[in-house]
Amino acid sequence: MADTSGQQKQVVAIVGLGLIGASLALALRGKYRVAGCSRSRATERYALERGIVDEIRPVDRLKGVSCVVVCTPLSALRDTVKQVYDIVGDESIITDVGSVKGLLCGLPGRIVGGHPMAGTEHSGINAAKRHLFENAVYCVVPYPQSRSQDVEFVKELAHAAKAKPLEISAEKHDRLVAYYSHMPHMAAYALSGTAIGEDVSIAGSGFMDSTRIACSDPDFWTEVFRLNRDNTLSALDGYISVLNDMRGMLADNDYSALNSALADACSRRKTLAAARVADSGHTVTVDVLDEVGSLGAVASLLAESGANIANIGILDSREGIGGALVLSFTTPRDASLARKALTAAGYCVS
Ligand code: NAP
């Protein structure tokens, strides 16, 4: 199919039309011709009827496409990549979205790993969202045999899905996700499993927020923990050791040590939040008063100015920074609109 300039669109094929595959298909349609296939005919029909894909094309008819994105569950990922390679050979790039990147090491073909750091606790095609990857980090993982132009192609795919590609080795990816992705799930499952279950009306937003991801698919997470076992065990050991330290401080009535440990954790979390905002695009730091409604006032002002906020972070320390609210924008134009609107309204902006 040709685009408006008369050029043929490159065909990207998605194998496995669940939450991630169908969301990616939605995000890529228009920029590429998106072919898709899944395990169940009902899912394929749904994808075609809802305009999630341009066409259904089974794996044995994928020869000649520019790129195949394998989005099957982790348990089927390696075999699906092998099955795809048997059809497309070295003619097409093969990438995946799997949450563990060591999994594809050593396979033949033009393979470049991928892992969009976005998801929900829901699964299946019904949970798909076009905007799922917007502003999310998309890990792009070259393997020893990957060609640099194929790595660039996968980065372009990530850009096209409005995500932010981050090139990272498989080893480093699997070590870091054990802390930043696997451990929060393990902790949420553990906390939910520890809760007694009586007088549930007492459970407030702190408990509900901290355990939200315990509703994620247990089969999926068992598979993630199994496939990234060593890294998960190391992260778990670190977490248990911190919990044990805190327990020891409490048991010993050492409240000064406990307070320091909590304050250190609190400060690390705030630094992380601010760094994420600063990383996420063009930033504007604005001084706001610590009072009810100040955040809403800034948000309304920016909405009126037409500046689209990508992310918001709150800094607790104003020293040497000149403001407490860090706003990030995806384009310099949005950042400039925001700066003008805030300055005109009398805010101190840097
Ligand atoms: P999902 O919603 O369960 O979707 C996977 C879909 O693949 C299923 O709905 C199934 O669709 C289809 N499928 C299963 N086996 C297949 C096979 N052998 N061949 C073709 N299609 C098959 O799972 P998901 O959350 O999208 O996860 C998919 C991949 O994304 C996983 O590798 C996961 O590690 C990765 N990932 C997940 C998240 C997350 O938060 N969920 C985030 C980032 C990456 P039908 O049976 O309906 O056809």
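Residues numbered from 1 in each chain as written. Predicted model: local features only at pLDDT ≥ 70, side-chain atom pairs only at ≥ 80, totals over all residues. Heavy atoms only, no water.

Participant: Give a description of the overall build of the protein that names residues and reports values.
Facilitator: Each helix and strand in the protein was counted, giving eleven helices and eleven strands. By principal-axis analysis of the C-alpha atoms, the protein measures approximately 65 × 55 × 40 Å. Looking at the protein as a whole, 41% of its 350 residues are labelled buried. For the protein, the proportion of contacts with a sequence separation of at least 24, taken over those separated by at least 6, is 66%. When the accessible surface of the protein is summed, it comes to about 18800 Å², and 53% of that surface belongs to carbon and sulfur atoms. (Helix = DSSP H or I, 4+ residues; strand = E, 2+ residues; numbered from the N terminus. Buried < 20%, exposed > 50% of the residue type's maximum accessible area, 1.4 Å probe, protein only. Contact = heavy atoms within 4.5 Å. Areas by Shrake-Rupley, 256 points an atom, 1.4 Å probe, with all protein chains shown as cover.)

Participant: Describe in detail the sheet that holds strand β9 (residues 282-286), supporting the description with residues and values.
Facilitator: Spatially, β9-β11-β10 is the arrangement adopted by the three strands of the open sheet, whose pairing is antiparallel. The open sheet terminates on both sides in strands that have one partner only, identified here as β9 and β10 (309-314). Neighbour to neighbour, the strand axes of the sheet diverge by 20° on average, direction disregarded. With five bridges joining them, β9 and strand β11 (residues 325-329) adopt antiparallel strand pairing. If you follow Thr-285 over to β11, its bridge partner there is Val-326. (Pairing = 2+ DSSP bridges. Axes fitted to C-alpha atoms, helices over the stretch in contact; angles between N-to-C directions.)

Participant: Tell me what's going on with helix α1 (residues 19-28), and back it up with residues and numbers.
Facilitator: Of all ten residues that make up α1, ten are buried, and the element is covered over most of its length. Those residues of α1 lying buried are Leu-19, Ile-20, Gly-21, Ala-22, Ser-23, Leu-24, Ala-25, Leu-26, Ala-27 and Leu-28. Those residues of α1 hidden inside the fold are in contact with β1 (11-15), β2 (33-37), β4 (67-70), β6 (110-116), β7 (137-142) and α4 (148-160). In the segment just after α1, Gly-30 is the residue with positive phi, at about 100°.

Participant: Describe the nonpolar core, listing the residues and the values that go with them.
Facilitator: Val-12, Leu-24, Leu-28, Ile-52, Val-69, Phe-133 and Leu-157 are the most contacted members of the largest nonpolar core, which has 39 residues in total. Those elements that provide at least two residues to this core are β1, α1, β4, β7 and α4. In terms of residue count, the dominant contributor to this core is α1 (eight residues). Excluding residues within four positions of it along the chain, Ile-52 makes contact with Ala-22, Ala-25, Leu-26, Arg-29, Tyr-46, Ala-47 and Ile-125. In this structure, Ala-35, Val-68, Val-88 and Ala-170 belong to the second largest nonpolar core, which totals 29 residues. (Core = buried A, V, L, I, M, F, W, Y, C linked by side-chain atoms within 4.5 Å.)

Participant: Outline the sheet that holds strand β3 (residues 55-56), supporting the account with residue identities and numerical values.
Facilitator: Strands sit in the order β3-β2-β1-β4-β5-β6-β7-β8 across an open sheet of eight strands; the sheet is mixed. Looking at which strands have only one partner, the edges of the open sheet turn out to be β3 and β8 (164-167). Pairing of β4 with strand β5 (residues 93-96), which is carried by four bridges, proceeds in the parallel orientation. When the bridges of β5 are listed, Val-69 appears paired with Thr-95. Packed onto the sheet, α1 meets β1, β2, β4, β6 and β7 and runs at close to 160° relative to β1.

Participant: Go over the site of the ligand, please, and point to the residues and values.
Facilitator: Among the 23 residues in the neighbourhood of the ligand, the closest are listed as Ser-38, Ser-40, Thr-43, Ser-99 and Gly-124. A distance of 2.9 Å separates an oxygen atom of the ligand from a polar atom in the backbone of Leu-19. In this structure, an oxygen atom belonging to the ligand sits 2.6 Å away from a side-chain N or O atom of Ser-38. (Near = heavy atom within 4 Å. Polar contact = N/O pair within 3.5 Å; in protein donor to acceptor, adjacent residues only side chain to side chain.)

Participant: Describe the environment of Leu-301, and please don't skip the residues or the numbers.
Facilitator: As for its position among the elements, Leu-301 is in helix α10 (residues 294-305). With 37 residues separating them in the primary sequence, Leu-301 and Ala-338 have C-alpha atoms 8.5 Å apart. Not counting residues up to four positions away in its chain, the partners in contact with Leu-301 are Ala-341, Leu-342, Ala-345 and Tyr-347.

Participant: Outline the packing of aromatic side chains, listing residues and values.
Facilitator: With the rule as written, the count across this model stands at three aromatic pairs. Here the aromatic rings of Tyr-32 and Phe-153 are separated by 6.2 Å at their centres, their planes lie at 50°, and the arrangement is tilted. Residue Tyr-32 is located in the loop between α1 and β2, and its partner Phe-153 is located in helix α4; the two are separated by 121 residues in the primary sequence. Phe-153 shares its class with Tyr-32; the two are buried. Relative to Phe-225, the ring of Trp-221 has its centre 5.6 Å away and its plane inclined at 45°; by these criteria the two rings are tilted. Here Phe-225 and Trp-221 lie together in helix α7 (residues 218-227), a separation of four residues that amounts to about one turn. Just as Trp-221 is buried, Phe-225 falls in that class too. (Phe/Tyr/Trp six-rings, centres within 6.5 Å; stacked < 30°, edge-to-face > 60°.)

Participant: An account of unusual backbone geometry is requested, with residue identities and associated values reported.
Facilitator: Note: most peptide bonds trans; most residues except glycine with negative phi. Positive phi, normally seen in glycine, also occurs at Asn-135, with a value near 65°. Mapping Asn-135 onto the fold places it in the loop between β6 and β7. Residues other than glycine seldom take positive phi values, yet Asn-253 does so here, at roughly 55°. By secondary structure assignment, the location of Asn-253 is in the loop between α8 (229-251) and α9 (255-279). On the accessibility criterion, Asn-253 (51% relative accessible area) is exposed.

Participant: Outline the side chain of Lys-101, listing residues and values.
Facilitator: The topology assignment puts Lys-101 in the loop between β5 and β6. Within the structure, Lys-101 has its side chain in polar contact with the side chain of Asp-96 (distance 2.7 Å). Apart from residues lying up to four places away in sequence, Lys-101 is in contact with Asp-96, Gly-113, Gly-114, His-115, Val-141, Tyr-143, Ala-170, His-173 and Asp-174.

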